[in-house]
Amino acid sequence: MSMQTRPDSDFNPADLGQQSNRAWDRVFMWLLFISLAIGIITLVVLLVYVVTKGWPRLDLGLITNMPSIRNPEQSGVQSALMGSIWVIGFTAIIALPIGILAAIYLEEFSKQGGRFQRLVEVNIQNLAAVPSIVYGILGLAVFARALALGQSVITASLTLALLILPVIIISTREALRAVPRNIRDGSLALGATEWQTAYRQTLPAATPGIATGVILSLSRAIGEAAPLLLLGAVTFVTFNPDGMLSGYTTLPIQIFNWTKEPREEFQVLAAAAIVLLLVILLAMNFVAIWIRNRTQRRW
Amino acid sequence: MNELDASIRIAESLSETRHEVSIDIPNPVFTLNGVSVYYGEYEAIRDVSLDIAQGEITAFIGPSGCGKSTLLRSFNRMNDLIVGARITGRLAYHGTDLYGPEVDPIEVRRRIGMVFQKPNVFPKSIYDNVAYGPRVNKTKGNLDDLVEESLTRAALWDEVKDNLKKSAYALSGGQQQRLVIARCIAVRPEVILMDEPCASLDPIATAKIEDLMHELAGDYTIVIVTHNMQQAARVSDRTAFFTAEVDDAGERHGRLIEYGPTRQLFSAPVDQRTEDYISGRFG
Ligand SMILES: Nc1ncnc2c1ncn2[C@@H]1O[C@H](COP(=O)(O)OP(=O)(O)O)[C@@H](O)[C@H]1O
Ligand SMILES: [Mg+2]
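Quick caveat: nothing in here was measured; it's all calculated off a predicted structure.

## A short note on the environment of A:Arg263
Residue and element names in this part refer to chain A.
1) Next: Inspection of the secondary structure puts Arg263 in the loop between helix H11 (251–260) and helix H12 (264–294).
2) Next: Along the chain, Arg263 and Pro72 lie 191 residues apart, while their C-alpha atoms are 9.0 Å from each other.
3) Next: Not counting chain neighbours up to four residues away, the residues in contact with Arg263 comprise Ile69, Arg70 and Pro72.

## Focus: the packing of helix H4 (residues 78–109) of chain A against helix H9 (residues 194–223) of chain A
All names here are of chain A.
1) Next: Where H4 contacts H9, the two axes come as close as 9 Å, and the packing angle between them is 140 degrees. By the angle between their axes, H4 is oblique relative to H9. Remark: the crossing between H4 and H9 carries right-handed chirality. Contacts from Ile88, Thr91, Ala92, Leu96, Ile100, Ile104, Glu108 and Phe109 in H4 reach Glu194, Trp195, Ala198, Thr202, Leu203, Ile210, Val214, Leu218, Ala221 and Ile222 in H9.
2) Next: Residue composition of the contact of H4 with H9, by class: 14 nonpolar, 2 polar and 2 charged.

## Brief notes about the pattern of salt bridges
If the charged atoms of two oppositely charged side chains come close together, the side chains can form a pair.
1) Next: For the structure on display, the rule yields 23 salt bridges over all chains.
2) Next: The closest approach of N and O atoms between A:Glu264 and A:Lys53, which form a salt bridge, is 3.6 Å. On the criterion of sequence distance, the pair formed by A:Glu264 in helix H12 and A:Lys53 in helix H2 (residues 23–54) is long-range, its members being 211 residues apart.
3) Next: A:Glu264 gets classed as partly exposed once you look at its relative accessible area, which sits at 45%.
4) Next: One salt bridge connects B:Glu245 with B:Arg273, and the closest N-O pair in it is separated by 3.0 Å. Separated by 28 residues along the polypeptide, B:Glu245 in strand E10 (residues 238–246) and B:Arg273 in helix H11 (residues 272–278) bring together distant segments of the chain.
5) Next: According to the relative accessible area criterion, B:Arg273 is partly exposed, its value standing at 23%.

## Here's the deal with the interface of chain A and chain B
1) Next: Listed by partner, the interface residues are 20 residues for chain A and 26 residues for chain B.
2) Next: Of the roughly 1,900 Å² buried at the junction of chain A and chain B (both faces included), carbon and sulfur atoms supply 61%.
3) Next: On the chain A side of the interface with chain B, the three residues burying the most area are A:Ala189, A:Leu190 and A:Arg200, jointly 32% of the side's total.
4) Next: On the surface where chain A and chain B come into contact, there are 0 salt bridges.
5) Next: Our enumeration of links across chain A and chain B arrives at 6 residue pairs in polar contact (both at pLDDT 80 or more).
6) Next: Of all the secondary-structure elements, those providing two or more residues to the side of chain A that touches chain B are helix H8 (181–189) and H9 of chain A.
7) Next: The leading source of residues in the side of chain A that touches chain B is H8(A), at 8 residues.

Cut-offs and rules
- Residue numbers here run from 1 along each chain, matching the order of that chain's written sequence.
- Whichever chain is written first becomes A and whichever ligand is written first becomes 1, with later ones labelled in order.
- Only residues with pLDDT of at least 70 get local features here, since the model is predicted, and only at 80 or more are side-chain atom pairs given and counted; chain-wide, interface and lining totals rely on the full set of residues.
- The side-chain values count all of the structure's non-hydrogen atoms but skip hydrogen atoms and water molecules.
- Here a helix means four or more residues in a row that DSSP labels H or I, a strand means two or more in a row labelled E, and each is numbered from the N terminus.
- Only heavy atoms enter the contact rule, under which two residues are in contact if any of them lie within 4.5 Å.
- Orientation is described by axes fitted as lines to C-alpha atoms, over the contacting stretch for helices, and by angles from 0 to 180 degrees between their N-to-C directions.
- Roughly parallel refers to an angle under 35 degrees, roughly antiparallel to one over 145, roughly perpendicular to one between 65 and 115, and oblique to any angle outside these ranges.
- Left-handed describes a crossing whose near helix is turned anticlockwise from the far helix through less than a right angle; right-handed describes the clockwise counterpart.
- Three categories are distinguished: nonpolar for Ala, Val, Leu, Ile, Met, Phe, Trp, Tyr, Cys and Pro, charged for Asp, Glu, Lys and Arg, and polar for the others, with Gly belonging to the last.
- A pairing counts as a salt bridge when a side-chain nitrogen of Lys or Arg comes within 4 Å of a carboxyl oxygen of Asp or Glu.
- Under the scheme applied here, a residue whose accessible area is under 20% of the maximum for its type counts as buried, over 50% as exposed, and between as partly exposed, the area being computed with a 1.4 Å probe on protein chains only.
- Buried area: the sum, over both parts, of the accessible surface (1.4 Å probe) that disappears when the two are put together.
- Any N or O atom pair separated by 3.5 Å or less is treated as a polar contact, with the protein-specific requirement of one donor-capable and one acceptor-capable atom, and with residues adjacent in sequence counted only for side-chain atom pairs.

Here it is as structure tokens:
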């Protein structure tokens, strides 16, 4: 009698056992794990290799000394480090305002989903996928030759600015889009103009996202060698840049030059410089992550 | 022939069923004549004619999707911000066509404030939320005094006066909604539009907002959209009942069914649909 009213009266303990062959599940899980392991192991091996190889030269002299052909033990990356800072500084000064203003225009003022917006969108995405060497060719033709800026810091900065502009525009637009509509509506309903709303509400709310995108794209520019090689930055440089039109070298180019040298001391030097470049890149990415985590979503 | 006659008779009976009881509103703030609002080709609300009385609370009630928010947003030209939205008919504010060529929507929104369904405080401090409107409008005078006065009017001052620099997100939902009302008051509007201001609030917070509305009535003209009939009955002086009608093509259009003093509309509704709705039989 009571048996009949129990809903689980036909329950069989065996039902809780494995119902089907899960071999494929396990194979798939292993595939995922191996893929992940390949990525991580490669990175670790690379890091261990460059750190052990460059270890003898990971000293202060690496940063404070100028490069020297005759004397690799005393050689340093000062001119390359300063060159990178100069080039990236001007790249940021050029690319940030243009990229952010373009993104604001596209996101806040142009007709949403209109033909113009779609056209620009497709083009920007394509530009972001263009290989950096192509930007080097463009920079060589336009900035170095046509504008006669030669092999200068500003030529490199203009070229790298064009290279990262699409990424800055795309990431800024995404950050702006993440600001909810009702913040804008609230502002506009108080009699704010569209420009006041963009400047006082949307932009400040999107700043963490914009900063993250900007830092990541600048860290990409710091690591670029190909377009700069094309622009003629390969020269052996033992001085720091002193202006926009100054000659220069950068860390990736200095590394490239040293790795071409047959002598072992230069290989050690190159490894040490690679470690320095990696530290700079990791530090920038860390700052980007820190900004993103510090300002957690409030809506 | 017979079919045509029948459809004409149906059309006539439909048009007869609009019961605009309160046609005698002196000095109306808004006068609507045959107002329809479209999203692209879709007519979300059709042919609305009514007057909004000054200093009173007017409630828009009706089932969801009947165009209450759409109509409300046309009162301060917030629909301008939606691509494809447009309005036909005449919507006058103190006799001036709100959609006339000379009218600046920015100026309209300064005079006609709006409170939204979800409390949309800005990601700023409590003080900066209230000061935002006066700042963008470059209002003259002492900002501190204006912030205090606005928060006091919104019945929030005592709760926040020691924490003005704190983020507005630290407030409860009900406090946030009163902050939004304070923010609105700081611009010194004549009208406050409220679109389901209590939809996301608990009963105690709702009661506070309703008390506040009673406080503000008289000084401000308030139009509130609500799908809560008890709320309309509690707070409003006049009520407009809307519903969605299906046309021959199967499209739903919002229509104004009945409009009158709240007590009259709730105690003796003229239209059967109003009676069904307020007695909870549909919607
Ligand atoms: N931005 C919009 N674009 C297109 N259609 C909309 C938009 N907003 C509302 N609608 C449509 O208009 C009708 C009325 O909506 P709404 O005014 O929000 O009704 P209510 O506030 O009475 O619930 C609905 O059918 C809705 O789908
Ligand atoms: Mg609504």
